[in-house]
Amino acid sequence: MMTNTWFGRRFLYMVVDNYLHRPSPWYTLHRIDPSQLFHPIPIVSPAPVEKARLPEPAMSFGNLSEDITFTLVGRGRDKIVAVDQMGRGVLYDDGLHAVAPLPSTTAPKRWPTVSVLVDSVDAEDEGSVYDIETVPQADRAGRRSVEALLFDEKDERWACRPLLPPPYVHDPGYGDDRSGEITCYAVDCNREGDGSLIWISTAGRGTYWLDTVTGMWTKAGDWALPFRGQAVPAPELGLWFGFSAKDSGRICASDMFAALDDDRPPGVDQEWEVFKVPEGSRELKSYLVHLGDGRFCVAKLCDRVRRWRLSCGCCDDIEEESFAMLTGVEVVRGDHTGRWNRMIKHRTIRYSLGRDFHQCVL
């Protein structure tokens, strides 16, 4: 049996929304061994889709508001921060199977939000979680669009830090459309300091970065990053990977550092056709999870709706099924320049969720 010793983490985590089954817990957390998505030896052609039962919940979350954001933290990627839109949060340590309260944010958030993990330079630190409204607004009484949950290793406690919103929220006429909506985000090391930079691209107001040390925003340019959703760095390959801004069925790679050093917008260095949802299904969410050693999990969260006319002939009945498809892919380095890397698709596993809804894959 294949082991997962070469992965940077032991488990993938899938969060399922069980709101149709109340008063059962609203959200359940399920652990998935990522090694089962990979063949011990790469094969030439992709294997057919396999079906599997979702593992039993490792943890349940209830008694929070309807909308919760989940973020994976910790060096071992085995701790989950759950924060609802009212700002109430808990930390679940999967290794210890323990729960601890988190300090509330200073103001509720308008859902959905972008939740970004920033690792600390201290190997023992849990890191920090930055929560940003997808459509940021100017601060006012009872409203903060950007806040951070910071772990203080010295005091061994979490603290909340409100931050300024991106400067474009103060532009004349802002708010009349969705031009400020965040369409892509990424994190990289700040090579001029000890912190990190959080990059955001917007629908129509360019790209900005947030310096996590100073808390200040800087405009990078009127261009957009070439990704949709979160772009993840793969240090072993020297590239950032994410779903293409033009087609979520394709994964693209970009050398962001090289582009910025050349004072040009990051472009697409390579692109691969990876995954399309089954015919008749609808793609709801996509996640790309970096597993280490050039390996990734591509998660597609989908639903399928079947509609038929009842015998009375006057109305229809509807059956809706949610499912998640997880695919293991491996990037094999090309020539010495890092160009022409190959992407190998390993196994695809489909998890049927019935009428429950998938929330996220971490």
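Attention in this report is confined to the structure presented alongside it.

Our next topic: the overall build of the chain. Scanning the chain for helices and strands turns up one helix and 25 strands. The buried share among the 362 residues of the chain stands at 50%. If you take every contact in the chain between residues at least 6 apart in sequence, the share linking residues at least 24 apart comes to 52%.

Before going further, it helps to examine empty space enclosed by the protein. Within this structure, the stated rule accounts for two cavities of 30 Å³ or more. One number sums up the size of the largest cavity: a volume of about 80 Å³. Of all elements in the fold, only β5 (68-73), β6 (79-84), β10 (128-133) and β11 (146-152) reach the threshold of two or more residues within the lining of the largest cavity. For the lining of the largest cavity, the element with the most residues is β11, which contributes three residues. Of the residues assigned to the lining of the largest cavity, the class counts are five nonpolar, four polar and two charged. Taken as a whole, the second largest cavity encloses approximately 30 Å³ of empty space. As for the second largest cavity, its lining consists of Thr69, Val83, Asp84, Gln85, Lys109, Trp111, Thr113 and Asp131. Residue composition of the lining of the second largest cavity, grouped by class: two nonpolar, three polar and three charged.

This next bit is on the packing of aromatic side chains. Inspection of the entire model under this criterion finds nine aromatic pairs. Ring plane angle 65 degrees and centroid distance 5.5 Å describe the contact between Tyr27 and Phe70, whose orientation is recorded as edge-to-face. Taken together, the residues span a long stretch of sequence, with Tyr27 in strand β2 (residues 27-32) and Phe70 in strand β5 at a distance of 43 residues. With a relative accessible area of 1%, Tyr27 lands in the buried category. Ring geometry for Trp199 versus Trp209: centroids 5.2 Å apart, planes at 55 degrees, classification tilted. Remark: Trp209 occurs in strand β15 (residues 207-211) and Trp199 occurs in strand β14 (residues 196-202); sequence separation between them is 10 residues. With a relative accessible area of 24%, Trp209 lands in the partly exposed category. In textbook terms, an aromatic cluster arises when at least three aromatic residues are bridged by ring pairs, as seen for Tyr27, Phe61 and Phe70. We note Arg31 situated over the ring of Phe11; from NZ or CZ to the ring centre the distance is 4.6 Å. Over the face of the ring belonging to Phe323 we find Arg350, whose NZ or CZ atom lies 3.8 Å from the ring centre.

This part takes up the sheet that holds β11. Pairing within the open sheet is antiparallel, and its four strands lie in the order β9-β10-β11-β12. This sheet does not close on itself; its edge strands, each paired only once, are β9 (113-118) and β12 (157-163). Strand after strand, the sheet turns through a mean of 20 degrees between neighbouring axes, direction not considered. Sheet topology note: the β11/β12 ladder contains seven bridges and is antiparallel. By the bridge assignment for β12, Leu150 is matched with Ala159.

Taken as a whole, this structure holds zero disulfides when the rule is applied. Cys252 takes part in no disulfide bond, and the closest cysteine sulfur to it belongs to Cys184, at a distance of 8.7 Å.

What counts and how
- Residues numbered from 1 in each chain as written.
- Predicted model: local features only at pLDDT ≥ 70, side-chain atom pairs only at ≥ 80, totals over all residues.
- Heavy atoms only, no water.
- Helix = DSSP H or I, 4+ residues; strand = E, 2+ residues; numbered from the N terminus.
- Buried < 20%, exposed > 50% of the residue type's maximum accessible area, 1.4 Å probe, protein only.
- Contact = heavy atoms within 4.5 Å.
- 1 Å grid on protein atoms, 1.4 Å probe; cavity = no way out; pocket = protein on both sides within 12 Å on 5 of 7 lines; lining within 4 Å.
- Points joined across faces, edges and corners; volume = space filled by probe spheres on them.
- Nonpolar A, V, L, I, M, F, W, Y, C, P; charged D, E, K, R; others polar.
- Phe/Tyr/Trp six-rings, centres within 6.5 Å; stacked < 30°, edge-to-face > 60°.
- Lys NZ or Arg CZ within 6 Å of the ring centre and 35° of its normal.
- Pairing = 2+ DSSP bridges.
- Axes fitted to C-alpha atoms, helices over the stretch in contact; angles between N-to-C directions.
- Disulfide = S-S within 2.5 Å.

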